[in-house]
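This is what each chain is made of:
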Amino acid sequence: MEPVPVPEPVPEVTAILLAAGFSRRFGSAKLLKKLPDGIPVCIAAARALKKQVPNVVAVIRKDDDLLKAAFEEMSLQVVENPRADQGMGTSLAAGINATADSAGWLIALADMPWIDPATIGMLAERLQQGASMVAPVYQGHRGHPVGFAQHWGQQLRTLSGDRGAKGLIEQYANELILLDTQDPGVIKDVDFPEDLES
């Protein structure tokens with residue numbers, strides 16, 4: 001009797017949480033600052049992702065031991081980016097390189113703690129259904145996270161500079177599916193200390 005072939009597991013979408021910035025506008029390290037409910041900014045952002053996407057990878061600066069410990073306590077995979085000072089693009093590339101076999105990626109920012117998990121789920125589902133690029137829109141403003149299908153991996157893993165994947169999105173704007181949402185969290189980040197209270 002021949003053995004029954006075991007089907008290959010279907011690759012899943014990975015969420016990449018970019019947390020290697022320098023908080024220059026904020027004036028000090030902001031990602032572990034607490035929101036009014038007592039939850040640190042980056043932890044709130046990570047929790048929203050974890051509720052909808054099984055695989056979440058946090059990209060941090062090399063030797064950022066406090067962030068590393070916080071994310072590892074949540075059982076996130078942590079990737080250290082030794083080139084973080086060269087811009088967000090290098091962190092995005094580091095996350096892609098560490099998860100090259102994913103079906104696609106949702107790129108999220110660790111200073112955006114107010115995104116509704118349902119929005120994340122909607123974006124991840126569209127990627128799983130075959131969308132090439134996908135992003136949320138709130139009142140006409142494109143927000144985050146932004147999703148990319150697996151075939152963009154080669155371009156994403158060579159990114160550098162501070163624009164992240166903006167150039168790729170602009171170049172292939174016709175590939176981008178925009179999903180309307182009533183979620184203001186997709187355009188709301190923490191840039192300044194007063195933003196923590198808003």
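Scroll up to find the structure.
A short tour of the structure in this document, coming up. Given the structure is predicted, the values throughout are model-derived calculations rather than measurements.

### Let's talk about the pattern of salt bridges
Alright, step 1. Counted by the stated rule, this structure contains 4 salt bridges.
Alright, step 2. With a closest N to O distance of 2.9 Å, Asp111 and Lys30 form a salt bridge. Separated by 81 residues along the polypeptide, Asp111 in the loop between strand 4 (104-109) and helix 4 (117-128) and Lys30 in the loop between strand 1 (13-19) and helix 1 (41-50) bring together distant segments of the chain.
Alright, step 3. A salt bridge links Lys68 to Glu80; the nearest nitrogen and oxygen atoms lie 3.2 Å apart. Taken together, the residues span a long stretch of sequence, with Lys68 in helix 2 (residues 65-73) and Glu80 in strand 3 (residues 77-81) at a distance of 12 residues.
Alright, step 4. Here Lys68 falls in the partly exposed class, since its relative accessible area comes to 27%.
Alright, step 5. Ionic contacts of the salt-bridge type, sharing partners, join the residues Lys30, Asp111 and Asp191 into one network.

### Some remarks on the pairing of strand 5 (residues 133-138)
Alright, step 1. In terms of burial, strand 5 is a largely internal element, 6 of the 6 residues being buried.
Alright, step 2. Neither face of strand 5 is left uncovered, since the one carrying Met133, Ala135 and Val137 and the one carrying Val134, Pro136 and Tyr138 both have all their residues buried.
Alright, step 3. Two elements, strand 5 and strand 7 (residues 146-149), share 2 bridges in a ladder whose sense is antiparallel. The residue bridging Val134 from the neighbouring strand is Gly147, located in strand 7.
Alright, step 4. Where strand 5 and strand 8 (residues 176-180) come together, 5 bridges link them in parallel fashion. When the sheet's bridge partners are listed, Pro136 is paired in strand 8 with Leu179.

### Remarks on the layout of surface pockets
Alright, step 1. Of the volumes computed, that of the largest pocket is approximately 1200 Å³.
Alright, step 2. Of all the secondary-structure elements, those providing two or more residues to the lining of the largest pocket are strand 1, helix 2, helix 3 (88-98), strand 4, strand 7 and helix 6 (166-171).
Alright, step 3. If you tally residues by element for the lining of the largest pocket, the top one is helix 3, at 3 residues.
Alright, step 4. In terms of residue class, the lining of the largest pocket is built from 22 nonpolar, 8 polar and 13 charged.

### Topic: empty space enclosed by the protein
Alright, step 1. Under the criterion given, the structure shown has 1 cavity of 30 Å³ or more.
Alright, step 2. Looking at the largest cavity, its volume works out to about 50 Å³.
Alright, step 3. Considering the residues around the largest cavity, the lining is formed by Leu17, Ala45, Ala48, Leu49, Ala108, Leu109, Met112, Ile115, Ile120 and Pro145.
Alright, step 4. When contributions to the lining of the largest cavity are tallied by element, the ones reaching two or more residues are helix 1 and strand 4.
Alright, step 5. At 3 residues, the largest contribution of residues to the lining of the largest cavity is made by helix 1.

### Quick look at the nonpolar core
A general tendency of soluble globular proteins is for nonpolar side chains to be buried together.
Alright, step 1. If you look at the biggest cluster of nonpolar residues, it comprises 63 residues, and the most contacted ones within it are Leu17, Phe71, Leu92, Leu106, Ile107, Phe148 and Leu156.
Alright, step 2. Excluding residues that lie within four positions of it along the chain, Leu156 makes contacts with Leu92, Ala93, Ile96, Trp105, Phe148, Ala165 and Leu168.

### Observations regarding helix 3
Alright, step 1. Counting buried positions along helix 3 gives 8 out of 11 residues, so the element sits mostly inside the fold.
Alright, step 2. Residues of helix 3 that are buried: Gly89, Thr90, Ser91, Leu92, Ala93, Ala94, Gly95 and Ile96.
Alright, step 3. Looking at the packing, one finds that the buried side of helix 3 touches strand 1, strand 2 (55-61), strand 3, strand 4 and helix 5 (153-156).

Conventions and cut-offs
- Note that residues are indexed from 1 along each chain, following the sequence as it is written.
- At least 70 in pLDDT is required for a residue's local features to be given in this predicted model, at least 80 for side-chain atom pairs to be given and counted, and no such filter applies to totals for whole chains, interfaces and linings, which use all residues.
- Heavy atoms throughout the structure, all of them, feed into the side-chain values; hydrogens and water do not.
- In the sections that follow, a salt bridge refers to a side-chain nitrogen of Lys or Arg positioned within 4 Å of a carboxyl oxygen of Asp or Glu.
- What counts as a helix is a DSSP run of H or I of at least four residues, what counts as a strand is a run of E of at least two, and both are numbered from the N terminus.
- Any residue under 20% of the maximum accessible area for its type is buried, any over 50% is exposed, and the rest in between are partly exposed; the area is computed with a 1.4 Å probe on protein chains only.
- A pair of strands is labelled paired if DSSP reports no fewer than 2 bridges between them.
- Detection works on a 1 Å grid of protein atoms alone, calling trapped sets that fit a 1.4 Å probe cavities and calling open sets with protein on both sides within 12 Å along at least five of seven lines pockets, with lining residues defined by an atom within 4 Å of a point.
- Grid points are joined across faces, edges and corners, and a volume is the space filled by probe spheres set on the points.
- Charged residues are taken to be Asp, Glu, Lys and Arg, nonpolar residues to be Ala, Val, Leu, Ile, Met, Phe, Trp, Tyr, Cys and Pro, and polar residues to be all remaining types, Gly included.
- Here, nonpolar core means buried Ala, Val, Leu, Ile, Met, Phe, Trp, Tyr and Cys residues that are tied together by side-chain atoms lying within 4.5 Å of each other.
- Throughout, a contact is declared for two residues whenever any of their heavy atoms are within 4.5 Å.

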